[in-house]
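Letter by letter, the chains look like this.
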Amino acid sequence: MAIVLTEPSRTFSEYLLVPGYSSAEARPENVSLATPITKFKKGEEPKIKANIPLVSAVMQAVSDDGMAVALAKEGGISFIFGSQSIENQAAMVKKVKSYKAGFVPSDTNVKPDSTLADVLEIKKNSGHSTVAVTDDGTGHGKLVGLVTSKDYRVSRLSTDTKVSEFMTPLENLVYGNAGITLSEANDIIWENKVNQLPIVDKDGCLVAFVFRKDYDSHKQNPNELLDDNKSFIVGAGINTRDYEERIPALVDAGVDVLTIDSSEGYSEWQARTLKWVKEKYGDTVKIGAGNVVDKEGFDFLAKSGADFIKVGIGGGSICITREQKGIGRGQASAVLEVAAARDEWLEKTGEYIPICSDGGIVYDYHMTLALAMGADFIMLGRYFARFDESPSAKVMVNGNYMKEYWGEGSARARNWQRYDLGGDSKLKFEEGVDSYVPYAGSLHDNVNLSLEKVKSTMCNCGVLSIPELQHNSKLTLVSATSIIEGGAHDVVLKDNSVATVRR
Ligand code: RVP
C-alpha cells in the first residue's frame, strides 16, 4: 500500500507571518541578512557566507559572469550555468574572479597617429569620454597619453588632426602603478583633482582605469561579497555526467562554490558525484546538492557529504515537471520538512548544513516566508531574469519591454544532464517552458527594495537576524477567503495598473 501524506502540500501564498513584539531596537538598519552557504560545525564559522540570502539560479537566462559581478556587489552569489561547454563556463568564472572592483579594463583606445575623427567615432559608439592613447591602440599597449573632452574643441580643430598633437602626453599625466589598492587610487584622484587614473605596469603598459565615479559606487555597495584577495565570490552549477572534467576546470578558474544542478537529487548519481569530489579535494572544494523535498532526501545527501542542500521540485515559474511527470511538492511544505530534518541533523551530529529554497518566489514577501520556514538562503530565476544584468535579450512585446526567460528543461536550453537518469544523452521530453518576464530595470535597485521589505517584516516580527527569524517566527495558514481580504478589496481602483504593480 502506498504511503499517502494526509497534509496537503502547501506553497508560500498559503501562509502569513504573525507579528511579534518589536522593541525600539527593531529597525531595518539594525537587521543583518548575513547567512551561511556551506556547512559548519556548531560553534565554528562556515567557509562561505553571503551578506544577503539571495543566489541566482543555474540557468542560461539568468547566471553568467555579468550577473555574478552584479549580484556579488550586493552581497549575494550567482551559480553560473553549466549547460554550456566546460571551457566557456570556466572562462566566465575566471572573468568574475579577475574582475577587480573599481579597476576597469580600457575598452576605448587609439594610437598616437589616429585622428580626431577616430576619437569622435569611438566616443559616439561607446558613450565614453576617456580614450587611452597606447602605442598599439589596444587596452594593454604602452601608455603614451590620454584624450578626454578637455583636450579638444571640435569647432577649432580639424577632424584629421593627429591624436599625438592634442592628447595629454604621458609626462603630464597622473597615473598609478599596478598593485595599488582602490582606496590608494582614490586618494591620488582626489589629491590631483582628476576624474580618472590610468594604472600602468612596470613596463609602462596600461592595465586599467580607476574612475572617480566608480569609487563612489564601490562605496555604495557595503555588502560586496569578496574573497581574501578582494575578488568577487562566484559559484557554478555542475552535472552528474561530466563532473570529472568540469570540476577541475572550474576549480582552476577559481570557483568558490559548486552545486549539482538537477531537477531531482535523491539519487545514486549525486552520491557518486559528492564522493568523487570529497575523495579528490577533501574539504577544499565546497559543493551543494539537490533538489529534494523531504527528510529522506535531505538525510541521504547529508550522509553523502553535501555542503548545502537545495529544496524544491516543480515550483519554478518556468517548470512543468509536476504536469509532465506528477512529481514534486508545494514549496512551503518541502522547506518546512527539510528545515526540520536539518535541525535534527544538527542535534545528532553537531553539523549545520544550510538549506536553499529553490524556485517559486513570486512576491517579495515569499522571501521572508522562505527564511522564516527555515531556509538559509534562496535561489531565484524569474526574479533575476527581469533585470538589466541577466544575459537574456530585452525585447518589446505589445508595447512593453520584456526579458526572455526559459527553463533549463525547455527545448531551447536542452539541458538534458539536469534531468538525466543514466540513459541516452538527450532531452526526451520538455520539463520547462520558454517565456517572457516583464523587464524591471537594475538589479541594484530591485534587490535593495525587496530586501528593505524583508527587513521591515523582520522588524515587525521583532527579529534582527535570519537565525532569529527561523527560531522565533509564528506562521499562520490563510484560508481562501482571507487571501481575498489581503489585497485591495471592495473598492473601485482609480488606477488599474495598481493591481499589477502590487505583484
Ligand atoms: P523561479 O525562480 O520560480 O523562476 O525558479 C527557478 C528554478 O526553477 C531554478 O533554480 C531551477 O531549480 C528550476 N528550473 C530551471 N529550469 C527549469 C525547467 O526547465 N523545468 N526549472
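Residues numbered from 1 in each chain as written. Predicted model: local features only at pLDDT ≥ 70, side-chain atom pairs only at ≥ 80, totals over all residues. Heavy atoms only, no water.

**Looking at the packing of aromatic side chains**
So, point 1. Overall, the coordinates contain 15 aromatic pairs when judged by the stated rule.
So, point 2. With 5.3 Å between their ring centres and 50° between their planes, Y266 and F300 make a pair best called tilted. Highlighted residues: Y266 in the loop between strand 15 (257-260) and helix 8 (268-281) and F300 in helix 9 (residues 295-303), separated in sequence by 34 residues.
So, point 3. Residue classification places Y266 among the partly exposed residues on the basis of a relative accessible area of 42%.
So, point 4. An angle of 20° between the planes, with centres 5.7 Å apart, marks the rings of Y363 and Y365 as stacked.
So, point 5. Each member of the aromatic cluster is reached from another via a ring pair, and the members are F79, F308 and F377.
So, point 6. Cation over ring: K394 sits above Y439, and NZ or CZ is 4.3 Å from the ring centre. (Phe/Tyr/Trp six-rings, centres within 6.5 Å; stacked < 30°, edge-to-face > 60°. Helix = DSSP H or I, 4+ residues; strand = E, 2+ residues; numbered from the N terminus. Buried < 20%, exposed > 50% of the residue type's maximum accessible area, 1.4 Å probe, protein only. Lys NZ or Arg CZ within 6 Å of the ring centre and 35° of its normal.)

**Details of the side chain of N221**
So, point 1. Along the chain, N221 falls in the loop between helix 6 (212-219) and strand 14 (235-238).
So, point 2. Ignoring any residue separated from it by four or fewer positions in sequence, one finds N221 in contact with K73, E74 and H444. (Contact = heavy atoms within 4.5 Å.)

**Quick word on the site of the ligand**
So, point 1. Near the ligand you find 22 residues, and of these S317, D358, Y405, G409 and E431 are the closest.
So, point 2. In the environment of the ligand, an oxygen atom lies 2.7 Å from a nitrogen or oxygen atom belonging to the side chain of S317.
So, point 3. Residue E431 places a main-chain N or O atom 2.7 Å away from a nitrogen atom belonging to the ligand.
So, point 4. When the free accessible area of the ligand is taken as 480 Å², the share hidden by the protein chains comes to 97%. (Near = heavy atom within 4 Å. Polar contact = N/O pair within 3.5 Å; in protein donor to acceptor, adjacent residues only side chain to side chain. Areas by Shrake-Rupley, 256 points an atom, 1.4 Å probe, with all protein chains shown as cover.)

**Observations concerning the UniProt feature "binding site: K(+)" (unreviewed entry) in the chain**
So, point 1. The UniProt record annotates "binding site: K(+)" (unreviewed entry) at G314, G316 and C319.
So, point 2. As for its placement among the helices and strands, G316 is situated in the loop between strand 17 (309-311) and helix 10 (321-325).
So, point 3. Accessibility expressed as a relative area gives 22% for G316, which makes it partly exposed.
So, point 4. As for its placement among the helices and strands, C319 is situated in the loop between strand 17 and helix 10.
So, point 5. Non-local contacts of C319, meaning those with residues more than four positions away in its chain, are made with G314 and E431. (UniProt positions renumbered as here; feature names shortened; annotations may be inferred.)

**Details of the packing of helix 2 (residues 86-98) against helix 7 (residues 243-253)**
So, point 1. Closest axis-to-axis distance for the helix 2/helix 7 pair is 8 Å, and the angle between their directions is 20°. One element, helix 2, and the other, helix 7, form an angle in the roughly parallel class. Seen along the crossing, helix 2 lies across helix 7 with a hand that is right-handed. Contact residues: helix 2 offers I86, Q89, A90, V93, K94 and K97, while helix 7 offers E245, R246, A249, L250 and A253.
So, point 2. For the contact of helix 2 with helix 7, a count of residues per class yields 6 nonpolar, 1 polar and 4 charged. (Axes fitted to C-alpha atoms, helices over the stretch in contact; angles between N-to-C directions. Parallel < 35°, antiparallel > 145°, perpendicular 65-115°, else oblique. Left-handed = near helix turned anticlockwise from the far one by under 90°. Nonpolar A, V, L, I, M, F, W, Y, C, P; charged D, E, K, R; others polar.)

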